[in-house]
Amino acid sequence: MSIELQQEKKLFLPERNKIKEVYDSYSSLLNEILKNVESDLKQKLNLRSKPNYKSRVKSFPSYYRKILRVKKPEELATSESLICITDIIGIRIICPFLEDLSVVEAQVKELYNVLEIEHKGNPNNFKEFGYESVHILIKIPDSCLPQDNLMDIPSDLVCELQVRTILQDAWAEVEHELIYKSEFSPFDMPLRRKLASMNASLSLADIIFQEIRDYQNKLQVEMDERRQTFYLKADNLTSEVSDSDVSENTNIQRVSPFVRGTIDDLILEALHEHNAGHFEKAIEIYTTVLSSKPQPPAPVLTVMHKHRGMAYFAKNDFDLALDDFRASYENDPNNFRALYYEGIVYSIKGDYKKAIEVFTESLKINEYQSHTLYRRALSYYNLGQYEKALSDLNDSMKLGLDNEETKNLHAKLIEKFDMIV
């Protein structure tokens, strides 16, 4: 290399102390911006499962090493202001399930000015396993910039969001310690294979967790529809609400991806049949689960008796429904809902004293049941015990139950009191 070239190169040598001095002067500002962006994300992102957040401003040693790699020497030597890199401010959004990653990505694109999205790793290559993450670069929102700041904020300052599952984040942390903080020689290939195998296991665990989550989502939709159908029939029989007061979901996916014959699959199949109006078939499946050997554990028994009771109720087999609701409660003494259902059936049968007794049992377990208080108020009203009815009705309304039925019952009670006076 000629003397001229050597001298020219020396002109562009970065002055580390000068760069550090500038970096340190921005430290508090960067941390404040980071805090504001994280707070903004927590307020705006809306997920069913709650993510965790990890945030950091890059340490100067890491920052300096990176700018040496990614910036031109003349930029480092001549810059008088903060030299920006994409991950100087970083926030990890750590989600429980794989489905959350696409939800976060979609919401971030809608809520922020996204400059770049990169999907680290290759999920389509089954021969390789390694670091996986979604990296999203966003422009710092104006609302997250300190209003009283006197320093110039670089126009190219951005925030990097890393979106991962819990297991992906755990892998990245361990991989960073084992690989990036040490040097592997060619003789370490067996260890690399072990790491790849471990990462494959974590990837499989993420997939299995998501499959279980999908199953739970389907089951919950089916259970919600079945519960609403039960309430609709109960309300129609007691003439307290019209059909329009309960929305019924008819767009249910009725295909179970699980192996036929397992208890989970039988429960989902029974709910399919139940919601489709095939009550005899649903009862048959519920009975199969209840009579299986060895006997299912108490939590399964209490759920199956409750569901079968609802199916019997739908067929107007009220005595069999009562037997199942009572059995559901006996398998779980904290099951206040089974008692609530039992009380509904007694009120429909006109046995208001027994209905009040069961509603009271339910309220002893959970006193904050607005609908149970309302139903007990109806039973008191039908027995002519108007003061108790009004007391229960007022309590149910204090707990937030405020609809046409509560207003109608309140009007009827006031009319009764006026007649007595």
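Predicted, not measured: the structure shown is a model, and the values here were computed from it.

**Observations concerning helix H4 (residues 60-70)**
Point 1. For H4, every residue scored as buried is listed here: Phe60, Tyr63, Tyr64, Lys66 and Ile67. What you see down the axis of H4 is that its buried residues fit within an arc of 170°, all on one side.

**Quick notes on helix H16 (residues 386-398)**
Point 1. A rise of 1.5 Å per residue sets the reference length of H16, with its 13 residues, at 18 Å; its end C-alpha atoms lie 18 Å apart and thus fit the reference within 8%.
Point 2. Restricting attention to buried positions, one finds in H16 the residues Tyr386, Ala389, Leu390, Asp392, Leu393 and Ser396. Around the axis of H16, the buried residues are gathered within 165° of arc, so they sit on the same side. Across from the buried face of H16, at angles greater than 90 degrees, the exposed residues are Glu387 and Lys398.
Point 3. The first or second residue beyond H16 is Gly400, which carries a positive phi of 105°.

**Observations concerning the environment of Glu280**
Point 1. Examined against the element boundaries, Glu280 turns out to sit in helix H10 (residues 279-290).
Point 2. C-alpha separation for the pair Glu280 and Lys315, spaced 35 residues apart in sequence, amounts to 8.7 Å.

**Observations concerning the confidence of the model for the chain**
Point 1. Averaged over every residue, the pLDDT of the chain is 81; the share at 70 or more is 80%.
Point 2. No element of the chain has a lower mean pLDDT than helix H1 (residues 3-11), which averages 49, and none a higher one than helix H14 (residues 352-365), which averages 95.
Point 3. Confidence drops under a pLDDT of 50 for residues 5-9, and excluding neighbours within four residues, the segment shows one contact in the predicted structure.

**Notes on the nonpolar core**
Burial of nonpolar side chains together is a common tendency in soluble globular proteins.
Point 1. Membership of the largest hydrophobic core comes to 41 residues, with the highest contact counts inside it found for Val37, Leu41, Tyr63, Leu82, Ile88, Ile93 and Leu161.
Point 2. No other element matches the six residues that helix H3 (residues 27-44) contributes to this core.
Point 3. Ignoring any residue separated from it by four or fewer positions in sequence, one finds Ile93 in contact with Leu41, Leu45, Pro51, Asn52, Tyr53, Val104, Leu161, Gln162, Val163 and Arg164.
Point 4. Grouped together as the second largest cluster of nonpolar side chains are 36 residues, Leu271, Ala321, Ile348 and Phe359 included.

Definitions and cut-offs
- Residues numbered from 1 in each chain as written.
- Predicted model: local features only at pLDDT ≥ 70, side-chain atom pairs only at ≥ 80, totals over all residues.
- Heavy atoms only, no water.
- Buried < 20%, exposed > 50% of the residue type's maximum accessible area, 1.4 Å probe, protein only.
- Helix = DSSP H or I, 4+ residues; strand = E, 2+ residues; numbered from the N terminus.
- Arc of directions from axis to C-beta.
- Expected span 1.5 Å × (residues − 1).
- pLDDT = per-residue confidence, 0-100.
- Contact = heavy atoms within 4.5 Å.
- Core = buried A, V, L, I, M, F, W, Y, C linked by side-chain atoms within 4.5 Å.

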